[in-house]
There are 2 protein chains.
Amino acid sequence: MAKQAVKTHSVRGSRTGRPIMALLDLLGRRWALRILWELRDGPLTSRALRGACDEASPTVLQARLTELREAGFVELGDGGGYGLTPLGRDLCETFMPLHRFAERWKR
Amino acid sequence: MAKQAVKTHSVRGSRTGRPIMALLDLLGRRWALRILWELRDGPLTSRALRGACDEASPTVLQARLTELREAGFVELGDGGGYGLTPLGRDLCETFMPLHRFAERWKR
DNA sequence: GCGCCATGCTACAAATAATGTAGCTTACAT
DNA sequence: ATGTAAGCTACATTATTTGTAGCATGGCGC
């Protein structure tokens, strides 16, 4: 139990003391942005979230969720289901414009 | 001879046809956000960029730069130095508010 | 021309992280 | 008690990153 534990995972760049670096690092991990995105309009159960995230492996999802929880962006509501904290909602707002940008970008 | 080559790297989530997914995946790769961030106020030579990115390995940097270039966010100016394209600058703008958020977030 | 640097970029082994599949445990309802 | 669904862990395989070294090209001064 708890083998893959915490590992002190001190977000890269946090040493610099510049919060933005820590944030960029945290969000620059696989599925992190996607998770926040999928939770944008309401909580999801871990299983539903997995579904929304194109069946990403539960291992990473769990890891990301833990990190995002420690960062205070996500919480596991009593009664089950992951949802954004008020802070997490704020964060989500800040990159909501990405949606419009992406549409414009197309490719 | 191009072993780590291109690999058609079709951005995860692009199959869904939803550009936002492709974008979230692209930006959710190590150093991608950081690179855009570091280029925010002017071009940098590959070496300077490496310096700015806490000495990230040239391998990933090169990989990310290639991807970001293919996405049209970054370009290698003639005379050297990587810089944001107009599109890239737009993208950068959209998550500039993250800076303020990060400061507020602190931790 | 020749040496001297800086640039963009590649090689490659070692270390980390992610994927995919299985399955455990707890809680709750039937 | 049986059936489900939840959150979460194991673990072997595969992919990505790191770290260090180094190559090729293009100035620039001499």
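Small disclaimer: the values here were computed from a predicted structure and weren't measured.

Caption draft 1: Here's a closer look at the overall build of chain A. In terms of regular secondary structure, chain A is built from six helices and two strands. For chain A, the succession of helices and strands along the chain, N to C, is α-α-α-α-β-β-α-α. The 107 residues of chain A split such that 34% are buried. Across chain A, the fraction of contacts at a sequence separation of at least 24, relative to all contacts at a separation of at least 6, is 42%.

Caption draft 2: Representation of the confidence of the model for chain A within the structure. Overall, the prediction assigns chain A a mean pLDDT of 86, with 83% of residues at 70 or greater. Scored below 50 in pLDDT, residues 1-9 of chain A shows one contact in the model against residues more than four places distant or in partner chains.

Caption draft 3: Structural view of helix α1 (residues 19-27) of chain A. With eight of nine residues buried, α1(A) is to be regarded as a mostly interior element. Along α1(A), the residues that are buried comprise A:Pro19, A:Met21, A:Ala22, A:Leu23, A:Leu24, A:Asp25, A:Leu26 and A:Leu27. Those residues of α1(A) that are buried are in contact with α2 (32-38) and α4 (58-70) of chain A together with α2 (32-38) and α6 (97-105) of chain B.

Caption draft 4: Looking closely at the packing of helix α6 (residues 97-105) of chain A against helix α5 (residues 86-94) of chain B. It is at 9 Å that the axes of α6(A) and α5(B) come closest, and there the two elements cross at 165 degrees. For the element pair α6(A) / α5(B), the angle class is roughly antiparallel. Pair α6(A) / α5(B) crosses with left-handed handedness. Contact with α6(A), carried on its side by A:Pro97, A:Leu98 and A:Phe101, involves B:Asp90, B:Leu91 and B:Thr94 of α5(B) and no other residues of that element.

Caption draft 5: Molecular detail of the environment of A:Ala48. Among the structural elements, A:Ala48 can be located in helix α3 (residues 46-52). Separated by 33 residues in the primary sequence, A:Ala48 and A:Gly81 have C-alpha atoms spaced 8.9 Å apart.

Caption draft 6: Quick peek at the protein's contact with DNA strand D. Around DNA strand D, 23 residues are found, and the nearest of them are A:Thr45, A:Ser46, A:Pro58, B:Ser57 and B:Thr59. Contributions of two or more residues to the surface near DNA strand D are made by α3 and α4 of chain A together with α4 (58-70) of chain B.

Caption draft 7: The protein's contact with DNA strand C, seen in detail. Around DNA strand C, a shell composed of 22 residues is seen, among which A:Ser57, A:Thr59, A:Val60, B:Thr45 and B:Ser46 lie nearest. Listing elements by their share of the surface near DNA strand C, those giving two or more residues are α4 of chain A together with α3 (46-52) and α4 of chain B. Taken together, the residues that form the surface near DNA strand C break down as nine nonpolar, nine polar and four charged.

Caption draft 8: Expanded view of the environment of A:Leu87. Residues and elements named next belong to chain A. In this structure, Leu87 sits in helix α5 (residues 86-94). When the 16 C-beta atoms within 10 Å are taken as the criterion, Leu87 is described as partly exposed. Expressed as a C-alpha distance, the spacing of Leu87 and Phe73, which sit 14 residues apart in the sequence, is 5.7 Å. Discounting chain neighbours no more than four positions away, the residues touching Leu87 are Gly72 and Phe73.

Caption draft 9: Representation of the nonpolar core. With 54 residues, the main nonpolar core has A:Ala32, A:Ile35, A:Leu36, B:Ala32, B:Ile35 and B:Leu36 as its most contacted residues. Discounting chain neighbours no more than four positions away, the residues touching B:Leu36 are B:Phe73, B:Gly88, B:Leu91 and B:Cys92.

Caption draft 10: Structural detail: the relation of the copies chain B and chain A. You can overlay chain B on chain A at an RMSD of 0.0 Å; the transform is a turn of 180 degrees with a shift of 0.0 Å along its axis. As the rotation angle and translation indicate, the two copies are arranged about a two-fold axis. Within chain B, B:Gly28 has its C-alpha nearest the rotation axis, a separation of 2.2 Å.

Caption draft 11: Summary view of unusual backbone geometry. Residue and element names in this part refer to chain A. A positive phi angle is found at Trp31, which is not glycine, with a value near 80 degrees. Of note in the backbone geometry, Glu55 takes a positive phi value of approximately 60 degrees without being a glycine. In this fold, Glu55 is placed in the loop between α3 and α4.

Caption draft 12: The interface of chain B and chain A, seen in detail. At the interface, 27 residues of chain B touch 28 residues of chain A. The class makeup of the residues in the side of chain B that touches chain A is 16 nonpolar, four polar and seven charged.

Caption draft 13: View of the environment of A:Ala71. Residue and element names in this part refer to chain A. Its place among the elements puts Ala71 in the loop between α4 and β1 (74-76). Look at Ala71 and you get buried, because 20 C-beta atoms sit within 10 Å. Residues Ala71 and Gly88, spaced 17 residues apart in sequence, show a C-alpha to C-alpha distance of 9.0 Å.

Conventions used here
- Residues numbered from 1 in each chain as written.
- Chains lettered and ligands numbered in written order.
- Predicted model: local features only at pLDDT ≥ 70, side-chain atom pairs only at ≥ 80, totals over all residues.
- Helix = DSSP H or I, 4+ residues; strand = E, 2+ residues; numbered from the N terminus.
- Buried ≥ 20, exposed ≤ 12 C-beta atoms within 10 Å, placed from the backbone.
- Contact = placed C-beta atoms within 7 Å.
- pLDDT = per-residue confidence, 0-100.
- Axes fitted to C-alpha atoms, helices over the stretch in contact; angles between N-to-C directions.
- Parallel < 35°, antiparallel > 145°, perpendicular 65-115°, else oblique.
- Left-handed = near helix turned anticlockwise from the far one by under 90°.
- Near = placed C-beta within 6 Å.
- Nonpolar A, V, L, I, M, F, W, Y, C, P; charged D, E, K, R; others polar.
- Core = buried A, V, L, I, M, F, W, Y, C linked by C-beta atoms within 7 Å.
- Least-squares fit on C-alpha atoms with pLDDT ≥ 70 in both.

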